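What follows is each chain in one-letter form.
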Amino acid sequence: MNILSPSLLSADFKKLGEEIAAIDKAGAEYVHIDVMDGQFVPNISYGMPVIKSIRSCTKRVFDVHLMIDEPIRYVKDFADCGADIITVHVEACKDVAATLEAIRQLGVKPAITLNPDTPVSAIEPYLNQVDMVLVMSVVPGAGGQKFIPESLDKIRRIKKLLDENRLHADIEVDGGINTDNVRAALDAGANIIVAGSAVFKGDAAENVKKFKELM
Ligand code: DX5
Ligand code: ZN
């Protein structure tokens, strides 16, 4: 079954609880939470206090995407505030294996991601340690960007590597996904779809339903 993970970055923050209730009720399985530190990416978004506060709004899976340097410093804090999946950037960790292991030890699902200009070979050594691989299909740091079409090849390559090694990690795709290109991402091998602006621009519940029909 394919999963939709709306990115809260494009939600209306003054009514975050209502936005989450709407996507939950409409059938989105995950909630994608983008944490930015102003270092790994230029922007700063939100962190632990916000996640802790919205945890009571839904029982859905909290899919936390850390765009921060040396995330190992904070994985326990994110676990404590309710993350179910923690995704770290291969480019941001001095010791990737130790970071993924620390997440696993906390009882949270570890996931790895890579920037559009980072080759698949960079994450290959860690595929046996993760429950999910996130393919960034825009340069991380902001919502509302255009999907990079070469990401589809990356998804296919990762899917092939996982299959060849009999690994069962999910493949998530994040950035510029809309109802016109979601099918191509799924056909390439992704099974978890992040969508920010395409969900929260307009009627979020209606948009979630449209996505789910296509998935
Ligand atoms: C980008 C974030 C994405 C972003 C997606 O840095 O990781 O999750 O919010 O937004 P859209 O779907 O608008 O590209
Ligand atoms: Zn994200």
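Because the structure is predicted, anything quoted here is derived from the model rather than measured. (Residues numbered from 1 in each chain as written. Chains lettered and ligands numbered in written order. Predicted model: local features only at pLDDT ≥ 70, side-chain atom pairs only at ≥ 80, totals over all residues.)

Asks: Explain the overall build of the protein chain to me, please; I cannot follow it from the model alone.
Replies: Looking only at helices and strands, the protein chain has 8 helices and 8 strands in total. What you see for the protein chain is a C-alpha radius of gyration of 16 Å, in line with the 17 Å of a compact globule of 215 residues. Projected onto its principal axes, the C-alpha coordinates of the protein chain cover approximately 40 × 35 × 30 Å. When burial is assessed residue by residue, the protein chain has 43% of its 215 residues classed as buried. Long-range contacts, defined here as pairs at least 24 residues apart, represent 65% of the contacts in the protein chain between residues at least 6 apart. (Helix = DSSP H or I, 4+ residues; strand = E, 2+ residues; numbered from the N terminus. Rg over C-alpha atoms; globule rule 2.2 N^0.38 Å. Buried ≥ 20, exposed ≤ 12 C-beta atoms within 10 Å, placed from the backbone. Contact = placed C-beta atoms within 7 Å.)

Asks: Can you walk me through the site of ligand 1 in this structure?
Replies: Taken together, 22 residues are adjacent to ligand 1, and Ser7, Leu9, Gly143, Gly196 and Ser197 come closest. Residue composition of the shell around ligand 1, grouped by class: 8 nonpolar, 12 polar and 2 charged. (Near = placed C-beta within 6 Å. Nonpolar A, V, L, I, M, F, W, Y, C, P; charged D, E, K, R; others polar.)

Asks: Is there a simple way to think about the pairing of strand β8 (residues 192-195) in this case?
Replies: The side chains of a regular strand alternate, residue by residue, between the two faces of the sheet. Side chains of β8 alternate between two faces, with Ile192 and Val194 and Ile193 and Ala195 buried alike. Direction of pairing for strand β1 (residues 3-6) relative to β8: parallel, over a ladder of 4 bridges. For Ile3, the partnering residue across the bridge sits in β8 and is Ile192. A crossover connection joins strand β7 (residues 170-174) to the parallel β8 through helix α6 (residues 182-188); in handedness this β-α-β unit is right-handed. (Pairing = 2+ DSSP bridges. Right-handed = clockwise from strand over helix to strand, strands pointing away.)

Asks: Looking at this model, I keep getting lost on the UniProt feature "active site" (unreviewed entry) in the protein chain. Mind explaining?
Replies: Feature annotation in UniProt places "active site" (unreviewed entry) on Asp34 and Asp174, given in this structure's numbering. Spanning 141 residues, the annotated positions come together in the fold, the maximum distance between their C-alpha atoms being 10.6 Å. Positionally, Asp34 belongs in strand β2 (residues 30-36). For Asp34, the residues in contact, after removing those within four places along its chain, are Ser7, Leu9, Ser45, His65 and Met67. Among the structural elements, Asp174 can be located in strand β7. Beyond its immediate sequence surroundings of up to four residues, Asp174 is in contact with His65, Leu134, Met136, Ser137 and Val194. (UniProt positions renumbered as here; feature names shortened; annotations may be inferred.)

Asks: Looking at this structure, I do not really get unusual backbone geometry. What am I missing?
Replies: Residues apart from glycine generally show negative phi values, whereas peptide bonds are mostly found in trans. The backbone of Glu70 sits at a positive phi, close to 45°, despite the residue not being glycine. When you line up the elements, Glu70 lands in the loop between β3 (61-67) and α3 (75-80). Residue class for Glu70 comes out partly exposed when judged on the 15 C-beta atoms lying within 10 Å of it. In the Ramachandran plot, Arg166 falls in the positive-phi region, its phi being about 50° despite a non-glycine side chain.

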